[in-house]
Amino acid sequence: MLLNCGQPLPLLRHTDVPPRVIENFILTGYRFPNYSLWDCLLSAFRPTNETGNFWTHFLPVFIFFYYFVEVFGWEGAPDSGEPFFYPLWNYFIGVSCLLMASSMAHLLNSMSLVVREVCFFVDYGTISAYTVGSSLAYYYYIHPQAGIAETGSSSRVELNREAAPSAYAIPECSVFFETYYIPCACVVAIICVLSCCNTRQRWRQHRYIIRTLVFLLPFLISSTPIFYRLLTRSPYSTSSSSFTASTPMARFFYRHCLWLLVSAIFNISKFPERLAPGRFDIWGHSHQWFHCCTFLSILDELHMIKAEIKAILLSPALLLPPTSLSHLPGPTAASTYGVMLLLQTTIVSIIVWFSWRANCIYGSQREQLEKEHPKKHLKCH
């Protein structure tokens, strides 16, 4: 809260805030959970133990947008509103919501204990929505038949249904990719939201390990098109410009995995603050490094998707419009925005349920907290 003289209340030690607010090995820089919205916004410019958490996911929003819009200026690219780009826009929605929800959760969580819970429920929900946004992009741009029918030795495109299954180097994968891939991604995303929200009300002791491992599952499911591509030959002729454009895909994916691994290590180990409690309270603690690494993984993922989009655009004869007779139709509003809308509706319902439970648990503590930490009104001298 702000004092009458315009000075903010002093930041607190871990012994002066409710146990629910305390983070492992972070001893100082806490805000008491009774800030107003305005106070929370102003705290983005104060050295609290959440300031770095806010900026390490807020500034990346603009960096991501800068690299994202580049694709629309490429030669041969359709208009940004064309169905070809529907999956990419859904990916953009997923990433943007993730980064904004994460940064706002860290900025606004000191309004009350209930608001704190709701903020992080929304955070988990947007992470899950992001994984489905990624899956849609993978499905339509990296999937073994995404944008590509069958290419024979004469580079002739076969768009009939009889030829489509032969596009798979591993035919057994066809049923999974064409029928179960997107539904599986959605179901796993919902399981992740339920599990992570539960860690805020039970399993508290192992919450960081559980949250990290829980999100390993959607990564494995959503990345199956990439695993397939890495294990089989490229769908492009080795002499084509599309093959050259697609070649960096593997490198970007390996870097994407590396950054995710490093971020998981930071999130679980609580390094470096574990080694020197109190020294990294404001800057340099593990959650800030976790944010930086997760964004770097997203950036490499974006470059990977862009490489595949460029490869497809360099072979316009291989684009599959929604009206194609191919076994795999192109993206439509229902198969992209519709999927994301249905998922988001389900996630919002889950968040509302857990928020209601959080209000039942912590709502009654509001008056008690105000008595323990009353608003101070000091006079300026």
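These numbers come from a predicted model, not from an experiment.

**Some details on the pattern of salt bridges**
Within this structure, the stated rule accounts for six salt bridges. The partner of Arg255 in a salt bridge is Asp300, with the nearest N and O atoms 2.6 Å apart. Of the two residues, Arg255 sits in helix H10 (residues 249-269) while Asp300 sits in helix H11 (residues 286-313), which places them 45 residues apart along the sequence. Ionic contacts of the salt-bridge type, sharing partners, join the residues Arg20, Glu117 and Arg200 into one network.

**Here we look at the nonpolar core**
Soluble globular proteins tend to pack their nonpolar side chains together in the buried interior. By size, the foremost hydrophobic cluster in this structure holds 81 residues, and its most contacted members are Phe64, Leu88, Tyr91, Tyr141 and Ile309. Where this core is concerned, the elements lending two or more residues are helix H2 (51-68), helix H3 (86-108), helix H4 (113-141), helix H5 (174-198), helix H7 (216-222), H10, H11 and helix H12 (334-362). Residues contacting Tyr91, with those up to four places away along its chain left out, are Phe64, Tyr130, Gly133, Ser134, Ala137, Ile298, Glu301, Leu302 and Ile305.

**Things to note about the UniProt feature "transmembrane region" (unreviewed entry) in the chain**
Sites flagged by UniProt as "transmembrane region" (unreviewed entry) map to residues 52-69, 89-108, 120-141, 180-197, 209-232 and 334-356. When the span residues 334-356 is considered, its composition is 100% helix and 0% strand, and the gap between its end C-alpha atoms is 31 Å.

**What to know about the packing of H4 against H11**
Running from N to C, H4 and H11 cross one another at 25 degrees; their axes reach a closest spacing of 10 Å. With respect to H11, the axis of H4 lies roughly parallel. For the element pair H4 and H11, the recorded crossing hand is left-handed. Facing Tyr130, Ser134, Ala137, Tyr138, Tyr140 and Tyr141 of H4, the residues of H11 in contact are Ile298, Glu301, Met304, Ile305, Glu308, Ile309 and Ile312. Residue composition of the contact of H4 with H11, by class: ten nonpolar, one polar and two charged.

**A look at a nonpolar patch on the surface**
A surface patch of nonpolar side chains, amounting to about 410 Å² of accessible area, comprises Ile209, Leu213, Leu216, Leu220 and Ile268. Elements with a contribution of two residues or more to the nonpolar patch: helix H6 (207-214) and H7. Position of Leu220 among the secondary structure elements: in helix H7. A relative accessible area of 39% means that Leu220 is categorised as partly exposed.

**Some points on the UniProt feature "binding site: Zn(2+)" (unreviewed entry) in the chain**
Using the residue numbers shown here, the UniProt feature "binding site: Zn(2+)" (unreviewed entry) corresponds to His106, His287 and His291. These annotated residues cover 186 residues of sequence, and their C-alpha atoms lie no more than 11.5 Å from one another, placing them together at a single site. Of note, His287 is situated in helix H11. His287 gets classed as buried once you look at its relative accessible area, which sits at 19%. Those residues in contact with His287 that lie beyond four places of it in its chain are Asn53, His106 and Asn267. Inspection of the secondary structure puts His291 in helix H11. With a relative accessible area of 1%, His291 lands in the buried category.

**What to know about the packing of H3 against H11**
Look at H3 against H11: their axes get within 12 Å of each other, and the N-to-C directions meet at 170 degrees. Here H3 lies roughly antiparallel to H11, going by the angle between them. Residues Leu88, Tyr91, Val95, Leu98, Leu99, Ser102 and His106 of H3 form the contact with H11, whose participating residues are His287, His291, Phe295, Ile298, Glu301, Leu302, Ile305 and Ile309.

Calculation criteria
- Residues numbered from 1 in each chain as written.
- Predicted model: local features only at pLDDT ≥ 70, side-chain atom pairs only at ≥ 80, totals over all residues.
- Heavy atoms only, no water.
- Salt bridge = Lys/Arg side-chain N within 4 Å of Asp/Glu carboxyl O.
- Helix = DSSP H or I, 4+ residues; strand = E, 2+ residues; numbered from the N terminus.
- Core = buried A, V, L, I, M, F, W, Y, C linked by side-chain atoms within 4.5 Å.
- Buried < 20%, exposed > 50% of the residue type's maximum accessible area, 1.4 Å probe, protein only.
- Contact = heavy atoms within 4.5 Å.
- UniProt positions renumbered as here; feature names shortened; annotations may be inferred.
- Axes fitted to C-alpha atoms, helices over the stretch in contact; angles between N-to-C directions.
- Parallel < 35°, antiparallel > 145°, perpendicular 65-115°, else oblique.
- Left-handed = near helix turned anticlockwise from the far one by under 90°.
- Nonpolar A, V, L, I, M, F, W, Y, C, P; charged D, E, K, R; others polar.
- Patch = residues over 30% accessible without salt bridge, like charges linked within 9 Å, V, L, I, M, F, W, Y side chains within 5 Å.
- Areas by Shrake-Rupley, 256 points an atom, 1.4 Å probe, with all protein chains shown as cover.

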